[in-house]
Amino acid sequence: MMQARIETQNLLKQVSRSFYLTLRVLPRSVRHPISLAYLLARASDTVADTRLIAISRRREGLQQLKEAILSACKEGPIFGPNLGDLAEAQEQITGEGTQGERDLLVHLDDLLQAVRTTDHADRLRIAKLLSTIIQGQETDLVQFDTTPGRVTALDTDRELDAYTYAVAGCVGEFWTDMCRAHVFPSDPLDDTALRTNGIRFGKGLQLVNILRDLPNDLRRGRCYIPKERLSPLGLDPADLLDPAAMEQFRPLYQDCLDLAADHLSAGWQYTVSLPFRCLRIRLACAWPALIGIRTLAGLHTGNVLDSSLRIKIGRAEIRSIMIRSILLYSVPAAWNRQFTRARNSG
């Protein structure tokens, strides 16, 4: 079991330097299963996002991966899905984390074996989570037209909400269930509010990614801004490829930023409602919420349609957020105000 946990930590370092810090601070009781779930979700995301491979093959790979995960989680045989071609394709992709993503696919057998080191109830939670995420990824692959030069958009706000739930909101449910089972099983909390805010927290973090990565997604033929919101402004999805459309697009983009901020605000309510004694869990929730709201503050200005302008919170600011949250923890009123101060700073 110890070797499996060491390998898990090494993979986490490769594929997510920032989220690795969040996972590392978690209590030991939930760190291993949540880390495994994250790595399996990153593996499925890698399969879905390997653009050098035909969509039909990626969908097949997702199905193979889901079957392997469900088998491992439900005490069936452990077998590695045949994803060698997708792993090899990572060698042709440049960018931060691609070697780690290749290693994820290469070492899936090890991850699936590690899943067996978790208890039965946790395996069932992992199975439910990954089934939902992979279904969302499959829907995403079907949704978007891959015709070169064409940009396809979601049709409605409802579709966007369903997508953000499937790939991130469900993580809030999983996180809540894991913590309820292992960290604060008997504390008198409002479970309905906790679950609702946890779902919104995940949706908010995904919306931050969507709004930050908009120009890159557009150049891949994907527009997550629904057509029902673009049409009243006289905009087609392809119009957003032109940075000059920003002024026409800005009112809608601001609305999207506000929605993301409101979801993150629910995430902060989730965080401060957790038992005060659960320092590690509270920090693990606080950091992505604070980093997310600071990212939104940066997106409020400038031209997000200009692909040459990348809004990203630097490592120095991330360290500052983390250190400040630790130093303020002994002053609850000040600690609780961190999110409001970060939101208003934009």
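Structure's up top.
Below or above, wherever it landed, is the structure these notes cover. It should be emphasised that the depicted structure is a prediction, and the values quoted were computed from it without experimental measurement.

Examining the environment of serine 71
Then, in step 1: Here serine 71 is to be found in helix H4 (residues 55-73).
Then, in step 2: Note: C-alpha distance between serine 71 and alanine 127 (56 residues apart in sequence) is 8.9 Å.
Then, in step 3: Sequence-distant contacts of serine 71, defined by excluding residues within four places in its chain, comprise Gly76, Pro77, Phe79 and Arg116.

Side note on empty space enclosed by the protein
Then, in step 1: Taken as a whole, this structure holds one cavity of 30 Å³ or more when the rule is applied.
Then, in step 2: Taken as a whole, the largest cavity spans an internal volume of roughly 40 Å³.
Then, in step 3: Ser18, Leu21, Thr22, Trp287, Ile291, Ile318 and Met322 together form the lining of the largest cavity.
Then, in step 4: Among the elements of the structure, helix H2 (17-24), helix H14 (279-299) and helix H15 (315-327) are those that each provide at least two residues to the lining of the largest cavity.
Then, in step 5: Of the residues contributing to the lining of the largest cavity, the split by class is five nonpolar, two polar and no charged.

Section: the packing of helix H10 (residues 191-212) against H14
Then, in step 1: Close contact between H10 and H14 brings their axes to 10 Å; oriented N to C, the two are set at 35°. Here the hand of the crossing between H10 and H14 comes out left-handed. Packed against H10, whose contacting residues are Phe201, Leu205, Val208, Leu211 and Arg212, the element H14 presents Cys285, Pro288, Ala289, Gly292, Thr295, Leu296 and Leu299 at the interface.
Then, in step 2: Here the residues of the contact of H10 with H14 sort into nine nonpolar, two polar and one charged.

Quick look at the nonpolar core
Grouped burial of nonpolar side chains is what soluble globular proteins tend to show.
Then, in step 1: Phe249, Ile281 and Leu296 are the most contacted members of the largest nonpolar core, which has 110 residues in total.
Then, in step 2: It is H14 that provides the largest number of residues to this core, a total of twelve residues.
Then, in step 3: Beyond its immediate stretch of four places on either side in the chain, phenylalanine 249 contacts Leu214, Ile225, Leu230, Leu235, Leu240, Val304 and Leu305.

Re the side chain of glutamine 338
Then, in step 1: Turning to its location among the elements, glutamine 338 is positioned in helix H17 (residues 338-344).
Then, in step 2: With residues up to four places along the chain from it excluded, the contact list for glutamine 338 reads Trp268, Leu290, Arg324, Ser325 and Leu328.

A short note on H10
Then, in step 1: Spanning 22 residues, H10 covers 32 Å between terminal C-alpha atoms, matching the ideal 32 Å at 1.5 Å per step.
Then, in step 2: The opening residue of H10 is aspartate 190, an N-cap whose side-chain oxygen sits 3.2 Å from the backbone nitrogen of threonine 192.

Description of the state of the cysteines
Then, in step 1: Within this structure, the stated rule accounts for zero disulfides.
Then, in step 2: The thiol sulfur of cysteine 73 is not disulfide-bonded, and the nearest other cysteine sulfur, from cysteine 170, lies at 14 Å.
Then, in step 3: On the accessibility criterion, cysteine 73 (0% relative accessible area) is buried.
Then, in step 4: Not engaged in a disulfide, the cysteine cysteine 285 finds its nearest cysteine sulfur in cysteine 179; these two sulfurs lie 6.5 Å apart.
Then, in step 5: Relative accessible area serves as the criterion here: at 3%, cysteine 285 is assigned to the buried category.

Thoughts on the side chain of arginine 123
Then, in step 1: As for its placement among the helices and strands, arginine 123 is situated in helix H8 (residues 120-143).
Then, in step 2: Contact partners of arginine 123, with chain neighbours within four places excluded, come to Ala72, Cys73, Glu75, Val115, Arg116 and Thr118.

Considerations on the pattern of salt bridges
As a working rule, side chains carrying opposite charge can pair if their charged atoms are close by.
Then, in step 1: By the definition in use, this model includes 21 salt bridges.
Then, in step 2: Among the salt bridges present, the one from arginine 195 reaches glutamate 173, with a minimum N-O distance of 3.5 Å. Taken as a pair, arginine 195 in helix H10 and glutamate 173 in helix H9 (residues 157-182) lie far apart in primary sequence, 22 residues in all.
Then, in step 3: On the basis of relative accessible area, arginine 195 is assigned to the partly exposed category, the value being 31%.
Then, in step 4: A salt bridge links aspartate 177 to arginine 195; its shortest N-O distance comes to 2.6 Å. Within this pair, whereas aspartate 177 is found in helix H9, its partner arginine 195 is found in helix H10, the two being separated by 18 residues in sequence.
Then, in step 5: Accessibility expressed as a relative area gives 23% for aspartate 177, which makes it partly exposed.
Then, in step 6: In this structure, a network of salt bridges that share partners links the residues Asp49, Asp217 and Arg220.

Some details on the packing of aromatic side chains
Then, in step 1: Summed over the entire model, instances satisfying the criterion amount to eight aromatic pairs.
Then, in step 2: Taking the centre distance of 5.0 Å and the plane angle of 25° together, the rings of tyrosine 163 and tyrosine 224 count as stacked. Here the residue tyrosine 163 occupies a position in helix H9, and tyrosine 224 occupies one in the loop between strand S2 (222-223) and helix H12 (227-230), the gap between them amounting to 61 residues.
Then, in step 3: On the accessibility criterion, tyrosine 224 (6% relative accessible area) is buried.
Then, in step 4: Relative to tryptophan 335, the ring of tyrosine 329 lies with its centre 5.2 Å away and its plane at 85°, an arrangement referred to as edge-to-face.

Conventions adopted
- Residues numbered from 1 in each chain as written.
- Predicted model: local features only at pLDDT ≥ 70, side-chain atom pairs only at ≥ 80, totals over all residues.
- Heavy atoms only, no water.
- Helix = DSSP H or I, 4+ residues; strand = E, 2+ residues; numbered from the N terminus.
- Contact = heavy atoms within 4.5 Å.
- 1 Å grid on protein atoms, 1.4 Å probe; cavity = no way out; pocket = protein on both sides within 12 Å on 5 of 7 lines; lining within 4 Å.
- Points joined across faces, edges and corners; volume = space filled by probe spheres on them.
- Nonpolar A, V, L, I, M, F, W, Y, C, P; charged D, E, K, R; others polar.
- Axes fitted to C-alpha atoms, helices over the stretch in contact; angles between N-to-C directions.
- Left-handed = near helix turned anticlockwise from the far one by under 90°.
- Core = buried A, V, L, I, M, F, W, Y, C linked by side-chain atoms within 4.5 Å.
- Buried < 20%, exposed > 50% of the residue type's maximum accessible area, 1.4 Å probe, protein only.
- Expected span 1.5 Å × (residues − 1).
- Polar contact = N/O pair within 3.5 Å; in protein donor to acceptor, adjacent residues only side chain to side chain.
- Disulfide = S-S within 2.5 Å.
- Salt bridge = Lys/Arg side-chain N within 4 Å of Asp/Glu carboxyl O.
- Phe/Tyr/Trp six-rings, centres within 6.5 Å; stacked < 30°, edge-to-face > 60°.

The values are spatial; any link to function lies outside them.
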